[in-house]
Amino acid sequence: MDQIITEAAIQQTLGDRVIDTPLHKIDINFFLKKIKKDKSWKENDPKGITVFKADDMRIVLYGIRKGTEMIKQKKDGKITVQVLEGRIQFNSGDQSLKIREGQILVMPES
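As the structure is a computational prediction, the values presented were derived from the model and not from experiment.

J.: Describe the overall build of the protein, naming the residues involved and giving the relevant values.
T.: A count of helices and strands for the protein gives three helices and six strands. Seen in sequence order, the protein has helices and strands lined up from the N terminus as α-α-α-β-β-β-β-β-β. In the protein, which comprises 110 residues, the proportion classed as buried is 18%. Considering only intrachain contacts with a sequence separation of at least 6, the fraction spanning at least 24 residues in the protein is 36%.

J.: Which residues make up the nonpolar core, and what are the values?
T.: Among the nonpolar cores identified, the biggest contains seven residues, and these are Phe31, Leu32, Ile35, Trp41, Ile49, Val51 and Leu61. If you list the elements that add at least two residues to this core, you get α2 (28-37) and β1 (47-54). Ranked by size, the runner-up nonpolar core spans five residues in total, among them Val81, Val83, Leu105 and Met107.

J.: I'd love a proper account of the pairing of strand β4 (residues 87-92), names of residues and values included.
T.: Pairing of β4 with strand β5 (residues 95-100), which is carried by six bridges, proceeds in the antiparallel orientation. For Gln89, the partnering residue across the bridge sits in β5 and is Lys98. Joining the antiparallel neighbours β4 and β5 is a turn of two residues, in which Gly93 adopts a positive phi near 60°.

The rules behind these values
Residues numbered from 1 in each chain as written. Predicted model: local features only at pLDDT ≥ 70, side-chain atom pairs only at ≥ 80, totals over all residues. Heavy atoms only, no water. Helix = DSSP H or I, 4+ residues; strand = E, 2+ residues; numbered from the N terminus. Buried < 20%, exposed > 50% of the residue type's maximum accessible area, 1.4 Å probe, protein only. Contact = heavy atoms within 4.5 Å. Core = buried A, V, L, I, M, F, W, Y, C linked by side-chain atoms within 4.5 Å. Pairing = 2+ DSSP bridges.

Below, the structure written as C-alpha coordinates:
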(Lines give C-alpha, C1' and ligand atoms only; values in the text may rest on other atoms or scores of the structure.)
Protein backbone atom coordinates (compact mmCIF):
# COMPACT_ATOMS: atom_id res chain seq x y z
CA MET A 1 0.00 0.00 0.00
CA ASP A 2 1.35 3.44 -0.92
CA GLN A 3 1.74 5.94 1.89
CA ILE A 4 0.14 9.31 1.29
CA ILE A 5 1.79 12.15 3.19
CA THR A 6 -0.20 15.36 3.36
CA GLU A 7 1.36 18.75 3.94
CA ALA A 8 -0.20 18.69 7.42
CA ALA A 9 1.43 15.35 8.22
CA ILE A 10 4.81 16.75 7.21
CA GLN A 11 4.22 19.87 9.30
CA GLN A 12 3.16 17.70 12.20
CA THR A 13 6.46 15.84 12.34
CA LEU A 14 8.25 19.19 12.21
CA GLY A 15 6.31 20.42 15.23
CA ASP A 16 3.75 22.63 13.48
CA ARG A 17 0.31 22.19 14.99
CA VAL A 18 -1.75 23.04 11.86
CA ILE A 19 -3.44 19.66 11.64
CA ASP A 20 -7.01 20.23 10.44
CA THR A 21 -7.24 18.12 7.27
CA PRO A 22 -10.12 16.34 5.48
CA LEU A 23 -8.37 12.96 5.79
CA HIS A 24 -5.87 12.39 8.54
CA LYS A 25 -3.90 9.33 9.67
CA ILE A 26 -2.58 9.37 13.24
CA ASP A 27 0.38 7.17 14.11
CA ILE A 28 -0.11 6.72 17.86
CA ASN A 29 3.11 4.72 18.27
CA PHE A 30 5.12 7.57 16.68
CA PHE A 31 3.68 10.08 19.15
CA LEU A 32 4.07 7.75 22.15
CA LYS A 33 7.78 7.41 21.34
CA LYS A 34 8.03 11.19 20.93
CA ILE A 35 6.36 11.76 24.31
CA LYS A 36 8.59 9.23 26.09
CA LYS A 37 11.73 10.97 24.77
CA ASP A 38 10.59 14.36 26.11
CA LYS A 39 12.47 15.71 29.15
CA SER A 40 9.30 16.84 30.95
CA TRP A 41 7.73 13.37 30.70
CA LYS A 42 10.90 11.80 32.10
CA GLU A 43 10.58 14.17 35.08
CA ASN A 44 7.01 12.95 35.80
CA ASP A 45 5.21 15.88 34.18
CA PRO A 46 2.24 14.90 32.00
CA LYS A 47 3.12 15.47 28.36
CA GLY A 48 0.38 16.13 25.80
CA ILE A 49 0.55 16.38 22.04
CA THR A 50 -2.41 17.53 19.94
CA VAL A 51 -2.57 15.00 17.11
CA PHE A 52 -5.76 16.32 15.47
CA LYS A 53 -7.64 19.59 15.73
CA ALA A 54 -10.77 20.82 13.98
CA ASP A 55 -13.56 23.23 14.91
CA ASP A 56 -15.68 20.47 16.46
CA MET A 57 -13.06 17.94 17.60
CA ARG A 58 -9.64 17.74 19.19
CA ILE A 59 -7.54 14.64 19.88
CA VAL A 60 -4.78 15.02 22.45
CA LEU A 61 -2.43 12.15 23.29
CA TYR A 62 -1.11 12.36 26.86
CA GLY A 63 1.78 10.50 28.39
CA ILE A 64 1.38 10.28 32.16
CA ARG A 65 3.90 8.40 34.30
CA LYS A 66 2.90 6.26 37.26
CA GLY A 67 2.19 8.34 40.35
CA THR A 68 1.67 11.56 38.39
CA GLU A 69 -1.42 13.69 38.92
CA MET A 70 -2.75 15.92 36.18
CA ILE A 71 -4.17 19.29 37.09
CA LYS A 72 -7.84 19.97 36.47
CA GLN A 73 -8.65 20.43 32.80
CA LYS A 74 -11.42 22.68 31.47
CA LYS A 75 -14.12 20.72 29.66
CA ASP A 76 -15.38 22.13 26.37
CA GLY A 77 -17.88 19.66 24.94
CA LYS A 78 -17.78 15.87 25.03
CA ILE A 79 -14.73 14.01 26.31
CA THR A 80 -13.49 10.50 25.65
CA VAL A 81 -10.44 9.03 27.35
CA GLN A 82 -8.85 5.84 26.07
CA VAL A 83 -6.09 4.19 28.08
CA LEU A 84 -3.43 2.71 25.79
CA GLU A 85 -0.99 1.52 28.47
CA GLY A 86 -1.39 1.02 32.21
CA ARG A 87 -4.32 2.41 34.16
CA ILE A 88 -5.63 5.73 35.47
CA GLN A 89 -8.09 7.06 38.00
CA PHE A 90 -10.31 9.73 36.48
CA ASN A 91 -12.04 12.18 38.82
CA SER A 92 -14.82 14.57 37.84
CA GLY A 93 -16.73 16.41 40.51
CA ASP A 94 -17.79 13.81 43.07
CA GLN A 95 -17.37 10.86 40.67
CA SER A 96 -14.29 8.71 40.24
CA LEU A 97 -13.62 5.86 37.79
CA LYS A 98 -10.64 3.55 37.40
CA ILE A 99 -9.86 2.89 33.74
CA ARG A 100 -7.33 0.37 32.50
CA GLU A 101 -5.63 -0.45 29.23
CA GLY A 102 -8.20 -1.16 26.52
CA GLN A 103 -11.03 0.76 28.21
CA ILE A 104 -12.63 4.05 27.18
CA LEU A 105 -14.32 6.62 29.40
CA VAL A 106 -17.08 8.73 27.82
CA MET A 107 -18.16 12.01 29.36
CA PRO A 108 -21.07 13.58 27.45
CA GLU A 109 -21.73 17.30 27.48
CA SER A 110 -23.57 18.44 30.58
